[in-house]
Amino acid sequence: MALPADRAVRPALSKLCSQCSTFTARQSRQSAAFLQSAQQRSVSSIRGAQSSSSSSTQVGGITRTISRPIQASITSKLPSVAAQSRTKASSSTSFATNEDLAGSGIPSKPILEQDNLFHSFTNSPIPKIRQRAAFIRQHASCPHHSHRPGQFSETNRQVDTESGSQPPKHVDFECPDCGIPVYCSEQHWMDDYEKHLEICDTLRQINEDDHDLHSGRHFYEFNYAGPQMDDAMVNMTNWDTFMYTRQFEAVNDDRCMRQATRLLTYPLTIGSVLHELSPYHIRNRLTVEGLKSLTALRYTLHPPKTGGNESIKGLRPEAPPVRVFILGARAESSLPRDAWVQLAHLFPLSRLHLIFIGPESMMNRDDEFPLPPRTPENPYGAVVEDRVWPTMKISTIVDYYHTIHKTGYFAPHDPYFDCFVLFHPGLGHPASSHEWEETLPMLLETKAPIIATGYTQADMERDVEWVNKKAKGEFDILMEPGENIFRSLRWDLNDLDPQDVSAGNWGVWAFRGKRYEATVKDNVIAV
């Protein structure tokens, strides 16, 4: 019996060519069947979204999670954005769904309407935002020039009228225009009003976006597109052309677009650099060495069709999966797997193995995936999620990469099959640079491409300067530092410093260890 969705599209399918008609009909049947089964699952966080579509088993001491292939993300899978940076406050953002509200006895009605999203953090109707306001008041310092730089101290409260002589003081006054605690008093806010105006509109946008995440509305922007048609090309000029050519549901609201790109920026940043239709080319930031390295990876990621199929006669030898090592993984390791599947859709003819490595890669996920014991078969306690998609597997290891590299666990490394990604690594940040000093030489030793991102231009330039200082002459720039075309369109607030506003994956650049070509002198005679 035909599904209702199938019957509804039959008139439209009759006007298409046979190939498009077959593909669209198959997609509609798969999506309708999936949505029917998904209505029974209610998820209000990333951890719930992942566990609802997977089951865990122990094989040889390795936790393996068998996930059902997903055609499209559903609106009940609404993510929780984890902490963004080691230097930023650790605060998570959850999504409230109608199913969650109904299960708790609250009517399935949005908590906040779209025309009522602005509230001061302190008086917000959302408890988590009120807790965030309290955290900001306890840890953020007033940026007024009369305060001495440094940490807040409960002692030495004597005030001097001279500039810069007052002790540091916590923020306590909320700007009425943006609703976020920004200064210690109204007087200091008025003194710096012109300076505050530079970011006030952005802070208000952050305020409304945070309330929108907790509003309980229908998040249709998280209905992700399914597999790409074989004869349909992806246009990666910008977010709009990508979502249009990938057949995403139309996102016509700026706020919905910001929420959607906050998650998709991670897989799309990788895909936009590695894809054969990448917007980065030799005339746009890609260097000659970068063209060499990325061409090798693209050769593997876009193999020619071999005519193979599932029959015995159609069996063909397959290349090993391309390994994408995501080092220092934090929030990206807990993204809904539907978002990461979008990377597999960009490379349908190749297999991908995402490997999240970092001491924080499984933070706050113990209930979802308890870490398995370290055994001879699984020396690093890897959590393996097999068949997230038929061509994608995800592994997570809670450890530093340099510890694993010394044992040769992932050796040998091949520039045709390996790639490293560092999302906001903080290479040059004083609080985290020491963690990368031992790792950097090992990364350069592999000669594989290393893609790095930054929250801001200053953050990215600081990382580039640190790499140049620690390994000058030992690396080649593959892609010049610059703004990421697929950066998050949503701005984020640093709870430790409300004046610090950044965007996820704002900038991107790439480098790799220098390759030395062998040369032979004329007077040397080969034996």
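As a reminder, the structure under discussion sits directly above these lines.
Residues numbered from 1 in each chain as written. Predicted model: local features only at pLDDT ≥ 70, side-chain atom pairs only at ≥ 80, totals over all residues. Heavy atoms only, no water.

> What exactly am I supposed to notice about empty space enclosed by the protein here?
The method is simple in principle: a probe with the dimensions of a water molecule rolls over the atoms, and the space it marks as empty is what remains. Applying the stated rule across the entire model yields four cavities of 30 Å³ or more. Space inside the largest cavity adds up to approximately 100 Å³. In this structure, the largest cavity is lined by 13 residues; those nearest its centre are Gly 328, Tyr 400, Tyr 401, Trp 436 and Thr 439. For the lining of the largest cavity, the class distribution of residues is six nonpolar, four polar and three charged. (1 Å grid on protein atoms, 1.4 Å probe; cavity = no way out; pocket = protein on both sides within 12 Å on 5 of 7 lines; lining within 4 Å. Points joined across faces, edges and corners; volume = space filled by probe spheres on them. Nonpolar A, V, L, I, M, F, W, Y, C, P; charged D, E, K, R; others polar.)

> Which parts of the structure should I look at to understand the pairing of strand S12 (residues 491-494)?
One face of the sheet, then the other: side chains in a regular strand alternate in exactly this way. Relative to strand S13 (residues 497-503), S12 runs antiparallel, the two sharing four bridges. By the bridge assignment for S13, Asp 492 is matched with Ser 502. Taken together, S12 and the strand that follows it, S13, pair antiparallel across an intervening segment of two residues. (Pairing = 2+ DSSP bridges. Helix = DSSP H or I, 4+ residues; strand = E, 2+ residues; numbered from the N terminus.)

> Please explain unusual backbone geometry as it appears in this structure.
Only a minority of non-glycine residues have a phi that is not negative, and only a minority of peptide bonds are not trans. Cis geometry is found at the peptide bond from Ala 411 to Pro 412, where omega equals -5°. Within the secondary structure, Pro 412 sits in the loop between helix H12 (401-406) and strand S9 (418-422). In this model, Gln 247 sits at a positive phi of 65°, which is unusual for a non-glycine residue. Relative to the helices and strands, Gln 247 is located in the loop between helix H8 (239-245) and helix H9 (254-274). Take Gln 247: its relative accessible area is 47%, and that puts it in the partly exposed class. (Buried < 20%, exposed > 50% of the residue type's maximum accessible area, 1.4 Å probe, protein only.)

> Looking at this model, I keep getting lost on the pattern of salt bridges. Mind explaining?
A side chain of one charge can pair with a side chain of the opposite charge if their charged atoms are brought near each other. On inspection of all chains with the given rule, the structure shows 25 salt bridges. Salt-bridge contacts for Arg 490 lead to Asp 210; the nearest nitrogen and oxygen are separated by 2.4 Å. Of this pair, Arg 490 sits in the loop between strand S11 (475-483) and S12 while Asp 210 sits in helix H7 (residues 193-213), and the two are 280 residues apart along the sequence. Accessibility expressed as a relative area gives 5% for Arg 490, which makes it buried. Put simply, Lys 470 and Glu 437 hold a salt bridge, and the shortest N to O gap is 3.5 Å. Here Lys 470, found in helix H14 (residues 457-470), pairs with Glu 437, found in the loop between S9 and helix H13 (439-446); they are 33 residues apart in sequence, far enough to count as distant. (Salt bridge = Lys/Arg side-chain N within 4 Å of Asp/Glu carboxyl O.)

> Where do I start with the packing of aromatic side chains in this structure?
Both the distance between ring centres and the angle between the ring planes are used here to describe each pair of aromatic rings. Under the counting rule described, the total for this entry stands at 18 aromatic pairs. Note on Phe 242 and Phe 486: the rings are 5.9 Å apart at their centroids and 80° apart in plane angle, and the pair reads as edge-to-face. With Phe 242 in helix H8 and Phe 486 in the loop between S11 and S12, this pair connects stretches of sequence that are 244 residues apart. Note on accessibility: Phe 242 and Phe 486 belong to one class, buried. Geometrically, the ring pair formed by Tyr 380 and Tyr 409 is edge-to-face, given 5.2 Å between the ring centres and 75° between the ring planes. Taken together, the residues Tyr 380 in the loop between strand S6 (352-357) and strand S7 (383-389) and Tyr 409 in the loop between H12 and S9 connect sequence positions 29 residues apart. Note that Arg 204 overlies the ring of Phe 118, its terminal NZ or CZ placed 3.8 Å from the centroid. When the ring centre of Phe 219 is taken as origin, the NZ or CZ atom of Arg 217, which lies over that ring, is 4.2 Å away. (Phe/Tyr/Trp six-rings, centres within 6.5 Å; stacked < 30°, edge-to-face > 60°. Lys NZ or Arg CZ within 6 Å of the ring centre and 35° of its normal.)

> Would you mind showing me how to read the side chain of His 119 here?
Residue position: His 119 is located in the loop between helix H4 (98-103) and helix H5 (127-139). Residue class for His 119 comes out buried when judged on its relative accessible area of 18%. When neighbours within four sequence positions are excluded, His 119 is seen to be in contact with Leu 112, Ser 124, Pro 125, Gly 179, Asn 207 and His 211. (Contact = heavy atoms within 4.5 Å.)

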